[in-house]
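One-letter residues, chain by chain:
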Amino acid sequence: MLPLLISYTYLLLSTNIYIADAAAGKSIFILAGQSNMPGRGGVVNLTWDGYVPRESSPNPSILRLSANLSWELAGEPLHRDIDVAKVCGVGPGMAFANSLLGKDPRFGVVGLVPCAIGGTNISEWARGGGLYNQMMRRTKAAVCGGGVIRGLLWYQGESDTLTLEDAEAYKKRLHRFFEDVRVDLRLPLLPIVQVKCPNHIPV
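Read on for a plain summary of the structure. (Residues numbered from 1 in each chain as written. Predicted model: local features only at pLDDT ≥ 70, side-chain atom pairs only at ≥ 80, totals over all residues. Heavy atoms only, no water.)

Turning our eyes to something else, we now look at the packing of helix α3 (residues 130-142) against helix α4 (residues 164-184). For the pair α3 and α4, interaxial distance at closest approach is 12 Å and the crossing angle is 35°. The interaxial crossing formed by α3 with α4 has right-handed handedness. Together, Tyr 132, Met 135, Met 136 and Lys 140 of α3 and Phe 177, Asp 180, Val 181 and Asp 184 of α4 make up the contact between the two elements. (Axes fitted to C-alpha atoms, helices over the stretch in contact; angles between N-to-C directions. Helix = DSSP H or I, 4+ residues; strand = E, 2+ residues; numbered from the N terminus. Left-handed = near helix turned anticlockwise from the far one by under 90°. Contact = heavy atoms within 4.5 Å.)

Take a look at the structure:
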């Protein structure tokens, strides 16, 4: 029993040391928006089936910032302790990070910062609001131990199609949100990847 305990303790310490070392030089990406960013892939009848596609598989070079602001090895669901009011499944974050490292290993270790909350509209992400403040708090905590913010992945908009007023104001509100993020992070050229859902044309 004692040798097993020692082996487990060594493994735990080794993992924590690896994560701490990797986090120091990470390329950080913020994940924000509504339900499609946390991911509902594999969720049926309020239960995630546990299936993880190959492109979203865990990778020792991909970390996530947990709800308690500590780095850990990333794995689906990425938003499991962030979007807690909904059932999370597979989202785009892991597939993005794996693809990024596959195309350019120079990114080194990728640190993902999950911030998305399902069912939210763009007004709820305005500067000074709870979601915006939480995203800023988590992002600033992410760079405390080292690393560089490389970009923001934004997947949101469906909740702003419910009224004509919100739909018509969306472009202006989104531009303001992007501008505020760049100003508050002091990154005027921060790359932003915005996902666009396909147009649904009645037939």
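There is more to say, and it comes next.
Once that is clear, we can look at the nonpolar core. Counting 28 residues, the largest nonpolar core has Met 135, Trp 154, Phe 177 and Val 181 as the members making the most contacts within it. Of all elements in the fold, only β1 (27-33), β4 (62-65), α3, β7 (148-155) and α4 reach the threshold of two or more residues within this core. In terms of nonpolar packing, the next biggest core, distinct from the first, is built from 15 residues, Phe 29, Leu 78, Met 94 and Ala 116 among them. (Core = buried A, V, L, I, M, F, W, Y, C linked by side-chain atoms within 4.5 Å. Buried < 20%, exposed > 50% of the residue type's maximum accessible area, 1.4 Å probe, protein only.)

In this section: the environment of Gly 93. The topology assignment puts Gly 93 in helix α2 (residues 93-103). By relative accessible area, which is 2% here, Gly 93 ends up buried. The spatial distance from the C-alpha of Gly 93 to the C-alpha of Leu 153 is 8.4 Å, given a sequence separation of 60 residues. Dropping the residues within four chain positions of it, Gly 93 is found in contact with Leu 31, Leu 78 and Leu 112.

Let us now look at the packing of aromatic side chains. Aromatic rings considered in pairs are described by the distance between their centres and by the relative angle of their planes. In this structure the tally under the stated criterion is 8 aromatic pairs. With a centroid separation of 6.2 Å and an interplanar angle of 55°, the aromatic rings of Phe 29 and Phe 107 are classed as tilted. Taken as a pair, Phe 29 in strand β1 and Phe 107 in the loop between α2 and β6 (110-114) lie far apart in primary sequence, 78 residues in all. Here the aromatic rings of Trp 125 and Phe 177 are separated by 6.3 Å at their centres, their planes lie at 75°, and the arrangement is edge-to-face. (Phe/Tyr/Trp six-rings, centres within 6.5 Å; stacked < 30°, edge-to-face > 60°.)

For the rest of this paragraph, the subject is α2. Side chains three or four residues apart in an α-helix point the same way, a direct result of the helix having 3.6 residues per turn. Of all the positions in α2, only Gly 93, Met 94, Ala 97, Asn 98, Leu 100 and Leu 101 are classed as buried. Buried residues in α2, looked at end-on, bunch into an arc of 160°, giving them a common side. Opposite the buried face of α2, at more than 90 degrees from it, the exposed residues are Gly 102 and Lys 103. (Arc of directions from axis to C-beta.)

Turning to the layout of surface pockets, a few remarks are in order. Here the second largest pocket is characterised by a volume of approximately 190 Å³. Surrounding the second largest pocket, Ile 122, Ser 123, Ala 126, Arg 127, Lys 172, Arg 173, Arg 176, Phe 177 and Asp 180 form its lining. (1 Å grid on protein atoms, 1.4 Å probe; cavity = no way out; pocket = protein on both sides within 12 Å on 5 of 7 lines; lining within 4 Å. Points joined across faces, edges and corners; volume = space filled by probe spheres on them.)

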